[in-house]
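Summary of structural features
Residues per chain are reported as follows:
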Amino acid sequence: MFLRAALRGGNWNNGSNARSGMILNLNNEPTNRNNNIGVRAALIIARRRMLKGILPEQTPKEFRSSLIAKYEKQRRRASSEPTFSAISMEAYVKRINNIYEKVYSFENIYLAYTKAKQNKRYREDVLTFTDNLEANLITIQNELIWKMYSPGRYREFIVYEPKKRIIQAPSFKDRVVHHALCNVIEPIFDARFIYDSYACRKGKGTHAGVERIIYFLRKLARSLPRTYCLKADISSYFPSIDHTVLKTLLRKKVSCEDTLWFIDTIIDGTSCGSARGIPIGALTSQLFANIYLNELDTFVKHDLRAKHYVRYVDDFIILSDSKEELWEHLGEIEIFLQDKLKLSLNHKTGIFPATLGIDFLGYRIWKDKLLLRKANIHRSKRRLRKLRVLHEKGEVKFEKLRSSVASWQGQCKFSKSYSAMQRVIDFAGLSEVFR
């Protein structure tokens, strides 16, 4: 009777026709007035409800609850292989072929050279390469065409800020080769990444990630009494990347055998015989790192259905109003990382109220406040003072000192930390130069 009445037309809140037998009145109060619906509108509504699988006696809310319960039951039944897992989805993604000619084209290699020399054109290795530019570019092209390319030795050095890391920097020739590869395959993979992945992508970055977290916090604060944060960090991420898993993930999108040979050559040439680890200082490592953890992104967004999720390289956060839900997410993420990606979380992972502030991407973040990390302030004091001393000795050019100060000022202005900005500049003895 409900559907038959709806097909004859009616009124959502009609005063004069509320008691007519041929008219649908969903409020059934003669005194209420609102918008009219006719036969066509009622027919569309009824058809949509039937197509969505909503029974006449079911409300949309009841239908949604039953659907969620159905998928939860299926997911628990197949916990070892989720029904809508990030891995199984890739079977339906179109694979790209015949792109190797784009990689070794002379135009692409020259473009790679121009990108590789940016802000480095006066370095000795760049000047040496540029002295015989055309011959060097043709050599690279021929090595790629005839598959004779092999990576050179990486220059290793150690950085201690913010923590001790071993950096492996490729030679300038290898940097050109890496740019040539990324020019072609990076747009292919970047189109698959989720919106809230902010590392090493155009239009993203630390500031965009911080702004996204603030947006999430304010959105949740409008409708929820309390917000909790799951903050996690992957242990020794770059040294722990498994080459076999990485190559498998790359083959899910690229089917060009020549391009895959080129990619495998770069991956295998950085490990010194080991089957794990990629160098931190290489351009290709940034792309490979995003491809590797895109599986985690897809798992969190599609399987766990976490709406408020942000990742930057190996650090990520999830926001929710339920602490119990976050603990469940954490357990499933740990299992997924170990089983699928052969990674693990470190001891810094934890769950806490968002009112304590979220320490992420160099800032302490609240919904209505943004502060610089104290560790960043102390580190900047030491770094700028050291650069000032080296500049006075003639070991550092003024352009490098000026760019470092500008970087610090930009970081402070983003969080409106003007007093901290001036304190650091005064401490470094640069107040007379940079006012």
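All values reported here derive from a predicted model rather than from experimental measurement.

Calculation criteria
Per chain, the residues get numbers from 1 upward, laid out in the order the sequence is written. Note on the predicted model: pLDDT of at least 70 is required for a residue's local features to be given, and 80 or more for side-chain atom pairs to be given and counted; whole-chain, interface and lining totals, by contrast, use all residues. To obtain the side-chain values, all non-hydrogen atoms of the structure were used and water was disregarded. Helix and strand assignments follow DSSP, with helices taken as H or I runs no shorter than four residues and strands as E runs no shorter than two, numbered in order from the N terminus. Note on exposure labels: buried denotes an accessible area under 20% of the residue type's maximum, exposed denotes more than 50%, and partly exposed covers the range between, all computed with a 1.4 Å probe on protein chains only. Values of accessible area rely on a 1.4 Å probe in the Shrake-Rupley scheme; residue burial ignores everything except the protein chains shown. Every residue carries a pLDDT, the predictor's confidence in it, which falls somewhere between 0 and 100. Should any heavy atoms of two residues lie within 4.5 Å, those residues are considered in contact. Pairing between strands is defined by DSSP: at least two bridges between the two strands are required. To obtain each axis, a line is fitted to C-alpha atoms, and for helices this fit is confined to the stretch in contact; angles are then taken between N-to-C directions over 0 to 180 degrees. In this text, buried Ala, Val, Leu, Ile, Met, Phe, Trp, Tyr and Cys residues form a nonpolar core when linked through side-chain atoms within 4.5 Å. Classification of ring pairs rests on two measures: the distance between centres of Phe, Tyr or Trp rings, Trp counted by its six-membered ring, which must be within 6.5 Å, and the angle between planes, read as stacked under 30 degrees, edge-to-face over 60 and tilted in between. Working rule for angles: under 35 degrees goes down as roughly parallel, over 145 as roughly antiparallel, 65 to 115 as roughly perpendicular, anything else as oblique. Crossings are classed by handedness, with left-handed meaning an anticlockwise turn of the near helix from the far one by less than a right angle and right-handed meaning a clockwise turn. Polar here means any residue other than Ala, Val, Leu, Ile, Met, Phe, Trp, Tyr, Cys and Pro, which are nonpolar, and Asp, Glu, Lys and Arg, which are charged; Gly is therefore polar. Working rule for helices: expected span equals 1.5 Å times residues minus one. The arc under discussion is defined with respect to the helix axis, by the directions toward the C-beta atoms.

The number of helices and strands found in the protein is 18 helices and twelve strands. Going through the 435 residues of the protein one by one, you find that 44% of them count as buried. Surface summary for the protein: the accessible area is close to 24800 Å², and the carbon and sulfur share equals 51%.

A word on the confidence of the model for the protein. Averaged over every residue, the pLDDT of the protein is 83; the share at 70 or more is 77%. For residues 78–92, every residue scores under 50 in pLDDT, and the model assigns this stretch 22 contacts once sequence neighbours within four places are set aside.

This paragraph deals with the sheet that holds strand 6 (residues 228–233). The strands making up a sheet associate through backbone hydrogen bonding, with each pair oriented either parallel or antiparallel. Strand order in the open sheet formed by four strands is 7-8-6-9, with antiparallel pairing between adjacent strands. With one partner strand each, in any of the chains shown, strand 7 (309–312) and strand 9 (350–353) form the two edges of the open sheet. Between one strand axis and the next, the sheet turns through 20° on average, direction left out of account. Both strand 6 and strand 9 contribute to a ladder of four bridges, which runs antiparallel. From the neighbouring strand, L230 faces strand 9, where its bridge partner is I351. Against the sheet, helix 10 (residues 206–223) makes contact with strand 7 and strand 8 (315–320), and its axis sits at roughly 165° relative to strand 7, the strand it touches most.

Our focus in this paragraph is the nonpolar core. Counting 71 residues, the largest nonpolar core has Y237, F262, Y292, L296, V300, I333 and L341 as its most contacted members. Per element, the largest residue contribution to this core is ten residues, and it comes from helix 9 (residues 172–190). Residues contacting Y237, with those up to four places away along its chain left out, are A289, Y292, L293, V313, D314 and L343. If you look at the next biggest cluster of nonpolar residues, it comprises 34 residues, including Y363, I377, M421 and V424.

If you walk across this open sheet you meet the three strands as 10-11-12, and the pairing is antiparallel. This sheet does not close on itself; its edge strands, each paired only once, are strand 10 (358–360) and strand 12 (370–372). Neighbour to neighbour, the strand axes of the sheet diverge by 30° on average, direction disregarded. Pairing between strand 10 and strand 11 (residues 363–365): three bridges, direction antiparallel. Paired with F360 across the two strands is Y363, which belongs to strand 11. This element, helix 17 (residues 398–414), spans strand 11 and strand 12 of the sheet and lies at about 150° to strand 12.

Further remarks concern the packing of aromatic side chains. Ring pairs (aromatic) are described by centroid distance and by the angle formed between their planes. All told, the structure shown has 15 aromatic pairs when counted by the stated rule. Aromatic side chains Y113 and F172 sit 6.1 Å apart centroid to centroid with 90° between the ring planes, which places their arrangement in the edge-to-face category. With Y113 in helix 6 (residues 106–116) and F172 in helix 9, this pair connects stretches of sequence that are 59 residues apart. One exposure class covers both Y113 and F172, and it is buried. Pairing Y149 with F262 gives two aromatic rings, centres 5.9 Å apart and planes at 85°, and the pair type is edge-to-face.

Turning our attention to the packing of helix 16 (residues 374–392) against helix 17. A pair of packed helices is characterised by two quantities: the angle between their axes and the separation of those axes. As a packed pair, helix 16 and helix 17 sit with axes 10 Å apart at the nearest point and diverge in direction by 165°. Relative to helix 17, helix 16 is oriented roughly antiparallel. Here the hand of the crossing between helix 16 and helix 17 comes out left-handed. Contacts between helix 16 and helix 17 involve N376, I377, S380, R383, L384, L387, R388 and H391 from the first element and F398, K400, L401, S404, V405, W408 and Q411 from the second. Partitioned by chemical class, the residues of the contact of helix 16 with helix 17 number seven nonpolar, five polar and three charged.

Let us now look at helix 17. Across its 17 residues, helix 17 extends 24 Å between first and last C-alpha, which sits within 8% of the 24 Å expected from 1.5 Å per residue. Listed in full, the buried residues belonging to helix 17 are L401, S404, V405, W408, Q409 and C412. Looking straight down helix 17, one finds that the buried residues subtend no more than 135° of arc, so they occupy a single side. Buried residues in helix 17 make contact with strand 12, helix 16 and helix 18 (418–427). Just beyond helix 17, the residue with positive phi is K416, at close to 60°.

It is worth spelling out the pairing of strand 4 (residues 155–159) at this point. As judged from the five bridges shared by strand 4 and strand 5 (residues 165–169), these two strands associate in the antiparallel manner. In the strand pairing of strand 5, R155 is matched with A169. Between strand 4 and strand 5, which follow one another and run antiparallel, lie five residues.

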